[in-house]
Amino acid sequence: MKGDHHVILRVVAKALIPIIAMYGFYVHFHGEYSPGGGFQAGVILAVCVILYSLIFGIAPTMRAITPGFERFIGGLGFIIYVGVGFWALAMGGNFLEYDALFREEPGGHAGQHTGIIVIEIGVLFAVAGAMVTIFYAFAGRVSEIRDEDW
Amino acid sequence: MTGFEGATLAIDLLNITLLTILFVVAIAIARLRSLFAIVMLSGIYSLVSATWFVALDAVDVAFTEAAVGAGISTALFLGAMVLTSRTAKPEKGATKIVPLLVVIATGAVLIYATIDLPGFGDPNSPANTGVGVEFLERTYPEIAIPNIVTAVLASYRGFDTLGEVGVVFMAGLAVSLLLGFGERSLGATVRREDRINAIKDDEEES
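Described below are features of the structure shown in this document. (Residues numbered from 1 in each chain as written. Chains lettered and ligands numbered in written order. Predicted model: local features only at pLDDT ≥ 70, side-chain atom pairs only at ≥ 80, totals over all residues.)

### A few points about the overall build of chain A
Part 1 of the reasoning: When its secondary structure is counted, chain A shows five helices and zero strands.
Part 2 of the reasoning: Secondary structure elements of chain A, listed N to C terminal, follow the sequence α-α-α-α-α.
Part 3 of the reasoning: Computed over the C-alpha atoms, the radius of gyration of chain A is 19 Å, more than 25% above the 15 Å expected from 2.2 N^0.38 for a compact globule of 150 residues.
Part 4 of the reasoning: Based on the C-alpha atoms only, the size of chain A along its principal axes is roughly 65 × 30 × 20 Å.
Part 5 of the reasoning: Looking at the 150 residues of chain A, the share that counts as buried comes to 45%.
Part 6 of the reasoning: By sequence separation, contacts in chain A at least 24 residues apart represent 61% of the contacts at least 6 residues apart. (Helix = DSSP H or I, 4+ residues; strand = E, 2+ residues; numbered from the N terminus. Rg over C-alpha atoms; globule rule 2.2 N^0.38 Å. Buried ≥ 20, exposed ≤ 12 C-beta atoms within 10 Å, placed from the backbone. Contact = placed C-beta atoms within 7 Å.)

Here you go:
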């Protein structure tokens, strides 16, 4: 990079991006107890990638996390979500009926908990994948953003 | 938001302050012509409204607003802005006055609608007596997770959330079909450069 006048930005971002990613996972896995869940966590993880690419350039980001991988993650998330629905169908319940997942007696909650956790993972993947895909699609149209363009 | 007597005044002041900031930011967005400043201000708008949602006890909505409105949208708007020009053309004549009239009419209708709304936190309002209480009572015995919002979102309204995930997925799919693939996209360029470099490395080694 020419003229290293973004050095503070880069140093701060380098320190902050792992923390943001960690916070994203916290929001995801703590969604049972506190505000948050797959949607917000997916967006926060996507913001990590986007922040990195805004500061360090889009080409290095695309080498680390390829557009194909993000598209794959986005589709996989949706398949995971739908898969839980079909899992419940296969166990004899209705589509997305989590109580049917393990054919529990009434009063058991393992099915509900597993179902919610798995579909939240699906939401996380789908949202993170779709958001980064959209960003790549827009940002990938210009090769490099020059400083005077801002 | 219950508590001791003086709290209501403090909350009112907080609401008025936040709404004033929102108003000022909205006016500034409407009057500015530099798209970069508009994108930044709309991020600020989202962040302030997220703060206001926290003051209204809607923490989940605030969280989503902060993450999506202030985070993703700002980044996507920046990405879109880079593809177009940096300033908006000023509107002339009738096109300038019609949106104002539409906004005033919509605002008047909305204010008229708020007259019928129950007061904030009214325990006798339909939202707090009907289905809301039902969810509060049934969630723990039936699902046994403490955050009722998550339980409603993921379990009771699982179909709804499936639809939302489908919409997000399709948005990503549509944008990448329109812009993301192809020889001229940056992803393909990066792949091509990597392949050329790999071939060069192989030739140097052999």
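Picking up where we left off.
### Quick word on the overall build of chain B
Part 1 of the reasoning: Summing up its helical and strand segments, chain B has nine helices and zero strands in all.
Part 2 of the reasoning: Seen in sequence order, chain B has helices and strands lined up from the N terminus as α-α-α-α-α-α-α-α-α.
Part 3 of the reasoning: Radius of gyration (C-alpha) of chain B: 24 Å, far over the 17 Å computed for a compact globule of 206 residues.
Part 4 of the reasoning: In terms of principal-axis extent, the alpha carbons of chain B reach across some 80 × 60 × 30 Å.
Part 5 of the reasoning: Counting the 206 residues in chain B, one finds 19% classified as buried.
Part 6 of the reasoning: Within chain B, counting contacts between residues at least 6 apart in sequence, those at least 24 apart form 45% of the total.

### Considerations on the nonpolar core
Part 1 of the reasoning: Counting residues in hydrophobic clusters, the biggest one holds 61 residues, and the most contacted among them are Val43, Ala46, Ala126, Val127, Ala128, Met131 and Phe135 of chain A.
Part 2 of the reasoning: Examining the composition of this core, we find that 18 residues originate from one element, helix 5 (residues 110–139) of chain A, more than from any other.
Part 3 of the reasoning: Those residues within four positions of phenylalanine 135 of chain A in sequence are excluded, and the remaining contacts are Ile50 of chain A together with Ala75, Leu76 and Gly79 of chain B. (Core = buried A, V, L, I, M, F, W, Y, C linked by C-beta atoms within 7 Å.)

### Description of the interface of chain B and chain A
Part 1 of the reasoning: Taken together, the contacts link 43 residues of chain B with 55 residues of chain A.
Part 2 of the reasoning: Residues of the side of chain B that touches chain A, tallied by class, amount to 27 nonpolar, 14 polar and two charged. (Nonpolar A, V, L, I, M, F, W, Y, C, P; charged D, E, K, R; others polar.)

### With respect to the packing of helix 6 (residues 131–143) of chain B against helix 7 (residues 148–156) of chain B
Residue and element names in this part refer to chain B.
Part 1 of the reasoning: The N-to-C vectors of helix 6 and helix 7 enclose an angle of 75 degrees; their axes lie 10 Å apart at closest approach. Here helix 7 runs roughly perpendicular to helix 6, going by the angle between their axes. Counting all contacts with helix 6, which are made through Phe135, Leu136, Thr139 and Ile143, the residues of helix 7 involved are Ile148, Ala151, Val152 and Ser155.
Part 2 of the reasoning: Tallied by class, the residues present in the contact of helix 6 with helix 7 amount to six nonpolar, two polar and no charged. (Axes fitted to C-alpha atoms, helices over the stretch in contact; angles between N-to-C directions. Parallel < 35°, antiparallel > 145°, perpendicular 65-115°, else oblique.)

### Regarding helix 3 (residues 59–83) of chain B
Part 1 of the reasoning: The terminal C-alpha atoms of helix 3 of chain B lie 35 Å apart, and with 25 residues this matches the ideal 36 Å at 1.5 Å per residue to within 8%.
Part 2 of the reasoning: The axis of helix 3 of chain B is deflected most strongly, by about 30 degrees, at serine 73 of chain B. (Expected span 1.5 Å × (residues − 1). Bend = angle between axes of the 7 residues up to and from the residue.)

### A word on the packing of helix 5 of chain A against helix 7 of chain B
Part 1 of the reasoning: Between helix 5 of chain A and helix 7 of chain B, the shortest axis-to-axis distance is 10 Å and the interhelical angle comes to 85 degrees. By the criterion of interaxial angle, the relationship of helix 5 of chain A to helix 7 of chain B is roughly perpendicular. Within the contact between the two elements, helix 5 of chain A uses Gln112, Gly115, Ile116, Ile119 and Glu120 of chain A and helix 7 of chain B uses Thr150, Ala154 and Ser155 of chain B.
Part 2 of the reasoning: Tallied by class, the residues present in the contact of helix 5 of chain A with helix 7 of chain B amount to three nonpolar, four polar and one charged.

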